[in-house]
Amino acid sequence: MAVREESKDGVAVPANAAVEARDLVRRYGEGSTAVEALRGVDIDVRSGELVAVMGPSGSGKSTLMHILAGLDKPTSGTVKIAGTEITELDDSHLTRLRRKHIGFVFQFFNLLPMLDAEENVLLPLSIAGEKPDKAWLDELLGKMGLDKRRDHRPAELSGGEQQRVAIARSLVSKPTILFADEPTGNLDSKTGGEILDLIRDSVDTYGQTTVMVTHEPRAASTADRILFLADGEIVQELHEGSTAADVLAVMSSLR
Amino acid sequence: MFLVALKGLAGRKLRAVLTAVAIVLGVAMISGTYVLTDTIKAAFSTVFTTVYAKTDAVVTGKVAFGNNANSNNLPPSFSASLLGKVRNLPGVAAADGGIGDLAHLVGRDGKVISGHGAPALAFSVHSGGDQRFNPLTLVSGAWPVGAHEIDIDEHTASTAHYEVGQSIGVIARGPTTKYRIAGIVKIGGVSSLGGATMAIFDFPTAQRIFHKEGKLDSIDIAAANGTSPAQLVSEIKPLLPPTAEVRTAQGQAKQATKDTNGFLSIINDFLLAFGGVALFVGTFVIANTLGITIAQRTRELATLRTLGANRRQVLLSVLLEALVIGIVASITGLFLGLALAKGLNAVFVHFGLNLPQAGTVFKTRTIVVALVVGILVTLLAALRPAIRATRVPPISAVREGAVLPVSRFARFSAQAALLTIGGSVALMLVGLFVSGLSTTQRLLAIGVGAAAVFLGVAMLAKTLVPPLARVLGWPATEIGGAAGELARGNAMRNPQRTASTASALMIGLALVTLVSVLASGLKTTFSDAVNSIFRGDYALTATDNFSPISVASATALKNVPGANVVSGVRAGDGKAFGHRINVTAVSGDIAKVIVVKWQDGSQATPGALRNDGAFVSKDYAKKHHLSVGSPVAVEVPSGKRLHLVLRGIFAPPKGGSPYGDVTISTQRFDAEYQNPQNLYAFVDMAGGVTAANTAKLTKALGNFPDAKIATASQFKKNQESGIDTLLNLLYVLLSLSIVISLFGIVNTLVLTVFERTRELGMLRAIGMTRRQVRRMIRHESIVTALIGAALGIPVGVVLALMVGRAIKYPAFTIPVGTLVVFVIAAILAGLLAAILPARRAGKLNVLQALQYE
Ligand SMILES: Nc1ncnc2c1ncn2[C@@H]1O[C@H](COP(=O)(O)OP(=O)(O)OP(=O)(O)O)[C@@H](O)[C@H]1O
Ligand SMILES: [Mg+2]
C-alpha cells in the first residue's frame, strides 16, 4: 500500500520507466584494499523491455543486479523502482516493495526442497497473504510445461524443470520487474536456450519487464537491449537486431 | 509461509526428534513427579477416610508440644479410665479404646521383615467384640485371640510368604516372641500402607506387650443420634488429660492427610527441582539445535526474504516450528511421565522410601503445568535463534558463504559473560550469607544465581573453547592421527556451537560435582569426628543404622563374658527455650566409650548428672547464654517440665555431636519417657575387636533382630551409608540432565555431519576410510564432552566451596577419585553420543556427498 502511495507522491518519472538508476557506485572494503565493483552506472529500464547485462567475470554484473533489486545498497547513487526511491527504504518497506514489484530468478534456482512445484510457485502469494488465481496458476504452469510436475519436489525435477518452477514463481505475482542473474548458468546450453526462450516469451506475452545477466551470446537475439559492463562501468550498448557475432565481438574487445 | 515451516519440520524429522527429546525428558520428569505424588496423596487420603468411616470423633495421645510426624517418639498413652467417662457422656453412642505402637515382624531367618523404611506398625483389636470401629478387614482367618495369636497385613503375608496357622516372630519391647498367625488383614481397603508391616493383637495382649496395662493410645467414638461430631468433640474436651486430644474423625483424617501431604510436598518440590534442571539443560540443547538449523537454512530463509517475507514472518515461522516441537514434545513427555512416575517410585523404593499407591492419579493440573512449562521453555529457547533468523539478509540468497551478521553486542560477549558470572555469584552469596532472608528468598537467590552462573559460563565458553579444544584435543591427535587432527579442528571451527553443546553437559557435571564434593567433605568430617569420639570396640545400632532400638538389646549384651562396658545413648524429643529439641541421656560409663572435649566439666560429668543434672554443647550454651549452674527447663512429651541444672559444656568435633541438644542422666530419662530407647550403644570388650568377641556379641543379639553389632570401623561405614544413599539418589536424578545434554551432543554432531556432507565426501574421495571418518566424529564428540567436563567440574567445585562455606561446612575435600571417574564418564558419554552421528557419517555415499547441495 505504502509503496503505491509513495509512487504517487514521487518525483515525476517517465511513465514507462520500471527502473531508473543514477550514478551507482559500489565500493567493497576500505582503504588500499577497497574494490570498486561499480563506478558510476546509469541505467533505465522501460516497461515491457528485456534488458540483458553482459560483461567479463568480475565486471560488476551481479553487484548491479543486487543493487537494482534492493538486495544490496550502493555506496552512492539512487535507484527508483516503479517511481520509488529504494536505496533509503527500511527493511519493512523494502519487503513490501519486493512483494509487489520485484521478481527473482536465481542461478541456483533456490527452490524450497520441502515444497512441491506448485507450492513453490505459489509461495510469493502465500507469503504476501494473497489468494492465488487458479486460472493464472494453470496458465503459468502450462506455459512452463510443468503441468505434469505439479506435485514433484525439487529433488525429483531436472535442473531445467527446477529453473522453470523458479521462473513461474517469479512471475506468479506479476512483478513490475523481474531480475535474473545468470538463469542459465547452471544448465547445459540446450536447456539454457529453452529457459531463455521462456523468458523472452513471458516478456512478449505478459509484457514482463526483465533484467537478466547472462554469458550466452544467444541472448543477443533474445534481448531488446544488451548492456556491456567492464570494470564497473557500462561501456557499450547493443540494440535489437544485433547478432550473436556482434555480441561476441564486443565481448572479446572487453576481455 | 507457515507451510514452509511445517513442511520443513516434517522434512527434518530426525532433527526435530532429537531437539524434542530434551523437552520430552524434562516434561516427563515434571508430569511424573506430579503423578507420583498425587497418586500417593490420593492413596493416603483414601486410607484415612476409610479408616475413620464409622467413627465420629477420635481421642489420641498428645505430645505436650505438639505431635510431630517425623518424631521418633510415639505420643504418650493416657489412662484407660477416660474410656468409661467418655462412654457416660450423653452424646456418645459407642466408644472403644485401642493400643497403637511399633513392633517389627521377624521372619523365618530370624531377621526383621523390612518395610523398606516404612514403619512397623502394631494395633489392637477387640477380637470378641463389636468391630464397628475396626479399620481393618479380614482377608482370611480370624481376629487374633489371646496371648499367642497375631494378625498380619496382606502385603507382608504375600511378600514374606506367610499363611494363617503359621508362626511369625515379633520384636516389641523385649526379645523376639513367636505368635501364631490367626488372620490376614487389609487396612483402609489397601493391602499395604506404603510397605509398612502390621502386627495386630488382641487388645489385652497389646496392652501387655507394650507395657500399657491400664492405658490407651486412642479412643474411637460414635455419636448418639442428633449429636454432631463438633458437639461431640466439645463434650469430650473437658474430660481430657493434658496428654490427650480429641478431633472429629474428619478432622483426624484431614490432619493425618496434612501430615503426609507436608512430607509429600517436600518430595514433590525436590523432584520438580530436578525436572527444572533438566528443562534448563534442555533449553541449551534446543537453542543450540535451532541455532545450527537456522545457520544451515540461511539461504532458504534469505530466499523467502527475496520472495517478500518480512522479518516478522521469519520470526514467527521459526517460533511456529518451535511451538510444534514444544507441543508434540510436551504431550509425549506428559504421557512418558506416567511411566516415569513408576520409575521414580522404583527409585524411591530402592533407596528405602516405600509409599502407598492406589490407582494412578492424572490431574488436570499435571496436564496444564506440564504442557505450559514444556511449550514455554521451548519457545523461550527458540527466541534467540528466531531473532537471529530475522537478521538473515535477503542477499544471502545469492551470495555464497554469506554468514549471519554478528550482533552489535557480540564483541562485548566475553565482558558480558564475566559480568553475568560476577553478578550471579554475588546473588548467590547474598542468598547464602546475608542474614534475615526467608528460606524462599534464599533458595530463589541461590537458584537464580546458580542458573545465571551457568549462563555466564556458557557465554564465556565461546572464548574458552579454542584453547580448551587445543589442549583437550591433543590426545585425540595422538591417538586418532589425521582423523583426530581433523576432529580437533572441527571442534574449534565453530566455537559458539561447541561451546553451547558443551555447556549443556557442563551444567549436569557441575551439579554432580557439587554434590560429590559436599558429600565427600561431609564424610571426611564425620569420619574424623567418629575417630576422635568413639573409643569403644563395638557399636550396637538398629539394623537400618538409624532407628532407635530397644534398651533390652543393650541389656542383653551386658551379660556377654568379657563385656567391660555396654553403655547406650538414649534419645527422645523435648522442648526447651521455646524450641523442640533432641534430648539424649547417658550414664557414667559412657565416658569410657565416648570421649569429647569439655569446655566446662570433664569426662566425669556424665557420671555426675544424677537426677537433675544436664550438659549441653558449646554452641547450644552460647545460643541460650548458659553457663555451668544455669537452670535448664526441659518439657518432656508427657507435658511435665524437668527443672535441671547445667553441669557441663562440651565441645563436639566439627563432624557431629554424639549427644543431642540437652543430655540428662539415663536414670531420669527412663523415669520420664514412656518406652525409652537407645539411639546407639557402645561396647568395650576385653581383648578388643576379635572374631570370638564378635561372635559372642552377635549370638547375644540372637533374639533382637532389630539390632546389630558393628565394629567401630563398620559403624563409621554404616553411618556414612546414609550419605551414600542420598548421594546416589541425587546422582540418579541428575543423570537425567546429563542424558539430555548427551542428546545435545548427538544433535550437534548429526547436524554437523549433515552440514559437512560435501566436505566428508571430499575427504572420502581423497582416501579417508569409513573407519577414519567415524573416528573423526568420535573424537570430536569426546573433545566436546571433555570441554563440558573441563567447564563443569571447576564450576561445581567453586559452587561447592560457596555452599559449603554457607552451611558452615567443616571440611572441604576434593574427591579426586570421583572427579576422575566423572571425566572418564564424560569421555564415555562422548563416545556414546557419537555412535549415531558417526554411523551416519560413515555411511555417506561418496558420489552423492560430492553432488550434495
Ligand atoms: N562481498 C564482496 N566483498 C568484496 N568484494 C566483492 C564482493 N562481492 C563482489 N566483490 C567484488 O566486486 C567485483 C564485482 O563482482 P560481481 O560479483 O559483481 O562480478 P560479476 O560481474 O557478477 O562476475 P561473475 O560473472 O563472475 O559473476 C569483483 O571484483 C568482486 O571480487
Ligand atoms: Mg555474477
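As the structure is a computational prediction, the values presented were derived from the model and not from experiment.

Chemist: So what about the confidence of the model for chain A? Which residues, and what values?
Modeler: The predicted coordinates ought not to be read in detail in places where the model reports low pLDDT. For chain A, the mean per-residue pLDDT works out to 87, and 93% of the residues sit at or above 70. Predicted confidence for residues 1-14 of chain A stays below pLDDT 50, and this span has 18 contacts to residues more than four positions away or in other chains.

Chemist: Which residues make up the packing of aromatic side chains, and what are the values?
Modeler: What the rule picks out here adds up to 23 aromatic pairs over all chains. Put simply, the rings of B:Phe534, B:Tyr680, B:Phe682 and B:Phe715 touch in pairs and so form one group of aromatic residues. For the cation-ring pair, A:Lys174 lies above A:Trp136, with the distance from its terminal atom to the ring centre recorded as 4.8 Å. Lying across the ring of B:Tyr162, B:Arg108 places its NZ or CZ 4.0 Å from the centre.

Chemist: Go over the packing of helix α19 (residues 712-755) of chain B against helix α22 (residues 816-843) of chain B, please, and point to the residues and values.
Modeler: The description of two helices packed together rests on the angle between their axes and the distance between the axes. Residue and element names in this part refer to chain B. At their nearest, the axes of α19 and α22 sit 9 Å apart, and the two run at 40° to each other. Relative to α22, the crossing made by α19 is right-handed. From α19, Tyr-731, Leu-742, Ile-745, Val-746, Leu-749, Val-750 and Val-753 reach across to α22, where they touch Thr-818, Phe-822, Ala-829, Leu-832, Ala-833, Ala-834, Leu-836, Pro-837, Arg-840 and Ala-841. Looking at the contact of α19 with α22, its residues break down into 15 nonpolar, 1 polar and 1 charged.

Chemist: Quick rundown of the confidence of the model for chain B? Include the residues and the values.
Modeler: Mean pLDDT over chain B: 87, with 95% of residues reaching 70 or higher. Among the scores for the predicted complex, ipTM is 0.86 and pTM is 0.81.

Chemist: So what's going on with the interface of chain B and chain A? Which residues, and what values?
Modeler: Listed as interface residues are 22 residues of chain B and, on the opposing side, 22 residues of chain A. A combined buried area of about 2200 Å² lies between chain B and chain A, and 61% of that area is made up of carbon and sulfur atoms. Taken together, chain B and chain A are joined by 3 salt bridges. Across the pair B:Lys7 and A:Glu119 runs a salt bridge, and its minimum N-O distance is 2.7 Å. Put simply, chain B and chain A have 9 residue pairs in polar contact (both at pLDDT 80 or more) between them. Broken down by secondary-structure element, the contributors of at least two residues to the side of chain B that touches chain A are α1 (2-11), α8 (298-306) and α9 (311-350) of chain B. Ranked by residues supplied to the side of chain B that touches chain A, first place goes to α8(B) with 6 residues. Classifying every residue of the side of chain B that touches chain A gives 10 nonpolar, 6 polar and 6 charged.

Chemist: Break down the side chain of B:Ser330 for me, with residues and values.
Modeler: Residues and elements named next belong to chain B. Turning to its location among the elements, Ser-330 is positioned in helix α9. For Ser-330, a relative accessible area of 0% gives the class buried. Here the side chain of Ser-330 touches Ile-375 through a polar contact of 3.4 Å, landing on its backbone nitrogen. Ignoring sequence-local partners within four residues, the contact set of Ser-330 consists of Ile-23, Val-27, Ala-370, Leu-371, Gly-374 and Ile-375.

How each quantity is defined
- Residues numbered from 1 in each chain as written.
- Chains lettered and ligands numbered in written order.
- Predicted model: local features only at pLDDT ≥ 70, side-chain atom pairs only at ≥ 80, totals over all residues.
- Heavy atoms only, no water.
- pLDDT = per-residue confidence, 0-100.
- Contact = heavy atoms within 4.5 Å.
- Phe/Tyr/Trp six-rings, centres within 6.5 Å; stacked < 30°, edge-to-face > 60°.
- Lys NZ or Arg CZ within 6 Å of the ring centre and 35° of its normal.
- Axes fitted to C-alpha atoms, helices over the stretch in contact; angles between N-to-C directions.
- Helix = DSSP H or I, 4+ residues; strand = E, 2+ residues; numbered from the N terminus.
- Left-handed = near helix turned anticlockwise from the far one by under 90°.
- Nonpolar A, V, L, I, M, F, W, Y, C, P; charged D, E, K, R; others polar.
- Buried area = accessible area lost by both parts, 1.4 Å probe.
- Salt bridge = Lys/Arg side-chain N within 4 Å of Asp/Glu carboxyl O.
- Polar contact = N/O pair within 3.5 Å; in protein donor to acceptor, adjacent residues only side chain to side chain.
- Buried < 20%, exposed > 50% of the residue type's maximum accessible area, 1.4 Å probe, protein only.

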